[in-house]
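# Per-entry structural report
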Amino acid sequence: ASYANGSLNLLKDPSAEPQTLDDVHMALQRIAEQAERAGRVINSVHDFVRRREQAREAVAPQALLDAIAPLVSLQARKLHVRVHTRVEARLPPVWCDRTMVEQVLLNLARNGMQAMDRKEIVHRVLVLQVGLAACNQDNTWVEFAVTDVGTGITPEVEAQLFNPFFTTKSEGMGLGLSLCRTVVEQHGGHLVFEPQAPKGMVFRFTLPAEHVGKPTLAA
Ligand code: ADP
């Protein structure tokens, strides 16, 4: 875009010297190179998404929590957080890309724990919950919820929460929630959040139970 704008300015300049055309030529070459590079980036993201489509499998919700447990415990110990896990009995397996969903859970748990990392918050509890979501006709959805008793979210933060690179942390990347939402939506689910009384937040997301998301032979 910079090269294109520069070229337009050069072409508009009434006092342009003959050598201006050489500059425009060089700039157009750079534009072509960068457009090709952008195309390569898009292709590699596309490949990545295609590969991930094939990575879906039936996974017990408990197995997803077990996979992130070591990392969650590590951070919980460091930040003096107690972690409670509640998994409803007899839940169906979910049909998902387990690596990506584990990242979603990990990110939500991490955000929750960091939101409680304040001197004034003495009883720091993070609750990881899984249960059946409200069902509509023949679809079954499993709901994951991550609840903290942290600082909560102000309206100003809320307005930007899912913007890529929005962060209030000195070391934050601000990519967590925007990626979480993309991953959940790629699975056909939804990611929502709401304040918790008396304080803190709950982030919930849904994933399809095995038979919903699984491609049939006819598909
Ligand atoms: P990062 O963790 O790198 O900042 P995220 O996209 O995961 O990126 O989060 C963006 C911002 O949303 C955080 O910086 C924080 O201000 C806010 N946030 C996310 N989760 C919570 C939570 N559970 N409680 C309070 N604030 C939160």
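Structural notes, computed from the coordinates.

Time to look at the pairing of strand 4 (residues 125–132). In terms of burial, strand 4 is a largely internal element, six of the eight residues being buried. By the bridge criterion, six bridges tie strand 2 (residues 82–87) to strand 4 in an arrangement that is parallel. Following the sheet pairing, V87 is matched in strand 4 by V130. Bridge count for strand 4 against strand 5 (residues 141–147) is six bridges, and the pairing is antiparallel. Residue pairing in the sheet places V127 in a bridge with T147 of strand 5.

We now examine the site of the ligand. If you check the shell around the ligand, you find 20 residues, and the closest are N111, T167, T168, K169 and G174. N107 places a polar side-chain atom, nitrogen or oxygen, 3.5 Å from an oxygen atom of the ligand. Measuring from an oxygen atom of the ligand, one finds a backbone N or O atom of L177 at 2.9 Å. Here the ligand, which alone exposes 540 Å², has 93% of that area covered by the protein. Taking a 2 Å distance to the grid points as the criterion, the majority of the atoms of the ligand fall inside the largest pocket.

As a further point, take the packing of aromatic side chains. Using the criterion set out here, one finds three aromatic pairs in the structure. Their ring planes at 5° and their centres at 5.0 Å tell us that F144 and F205 sit as a pair that is stacked. Placement of F144 in strand 5 and of F205 in strand 7 (residues 201–208) is noted, with a sequence separation of 61 residues between them. Considering the side-chain rings of F162 and F193, the 6.0 Å spacing of their centres and the 45° angle between planes classify their relative orientation as tilted. Highlighted residues: F162 in the loop between helix 5 (155–160) and helix 6 (176–186) and F193 in strand 6 (residues 191–195), separated in sequence by 31 residues. In this structure F193 comes out as partly exposed when scored by relative accessible area, which is 22%. Members of the aromatic cluster, joined through ring pairs, are F162, F193 and F203. The ring of F162 has R181 lying over it, and the distance from NZ or CZ to the ring centre is 4.1 Å.

Another aspect to go through is the layout of surface pockets. In this structure, the largest pocket spans a volume of roughly 1,200 Å³. Looking at the largest pocket, it is lined by 38 residues, and the ones nearest its centre are N107, N111, Q114, T167 and K169. Residue assignment for the lining of the largest pocket shows that the elements contributing at least two residues are helix 4 (98–115), helix 6 and strand 7. The leading source of residues in the lining of the largest pocket is helix 4, at 11 residues. When its residues are assigned to classes, the lining of the largest pocket shows 18 nonpolar, 15 polar and five charged.

Criteria and cut-off values
Here the residue index of a chain counts from 1 through its sequence in written order. pLDDT decides what is reported in this predicted model: residues at 70 or higher carry local features, side-chain atom pairs at 80 or more are listed and counted, and totals for whole chains, interfaces and linings draw on all residues regardless. Values reported for side chains reflect all heavy atoms of the structure, with hydrogen atoms and water molecules removed beforehand. Only protein chains enter the accessibility calculation, which uses a 1.4 Å probe; a residue is then buried when its area is under 20% of its type maximum, exposed when over 50%, and partly exposed in between. Only DSSP runs of H or I covering at least 4 residues are called helices, and only runs of E covering at least 2 are called strands; the numbering of each starts at the N terminus. Two strands qualify as a pair provided that DSSP identifies no fewer than 2 bridges between them. By convention in this text, a residue qualifies as near a molecule or strand provided that one of its non-hydrogen atoms is within 4 Å of it. For the purposes of these results, a polar contact is taken to be a pair of N or O atoms within 3.5 Å, where, inside protein, one atom must be able to donate a hydrogen and its partner to accept one; residues adjacent in sequence count only when each atom of the pair is a side-chain atom. Note on areas: Shrake-Rupley with a 1.4 Å probe; residue coverage comes only from the protein chains shown. Definitions used throughout: a 1 Å grid over protein atoms alone; a cavity as a set of points that fits a 1.4 Å probe which cannot get out; a pocket as an open set with protein on both sides within 12 Å along at least five of seven lines; a lining residue as one with an atom within 4 Å of a point. The rule for placing a molecule in a cavity or pocket is simple: more than half of its atoms must lie within 2 Å of the grid points. Each Phe, Tyr or Trp ring (for Trp, its six-membered ring) is paired with any other whose centre lies within 6.5 Å, and the angle between the two planes then decides the class: stacked below 30 degrees, edge-to-face above 60, tilted in between. A ring is scored as having a charge over it whenever the NZ atom of a lysine or the CZ atom of an arginine sits within 6 Å of its centre and within 35 degrees of its normal. Grid points are joined across faces, edges and corners, and a volume is the space filled by probe spheres set on the points. When residues are sorted by character, Ala, Val, Leu, Ile, Met, Phe, Trp, Tyr, Cys and Pro go into the nonpolar class, Asp, Glu, Lys and Arg into the charged class, and all the rest, Gly among them, into the polar class.

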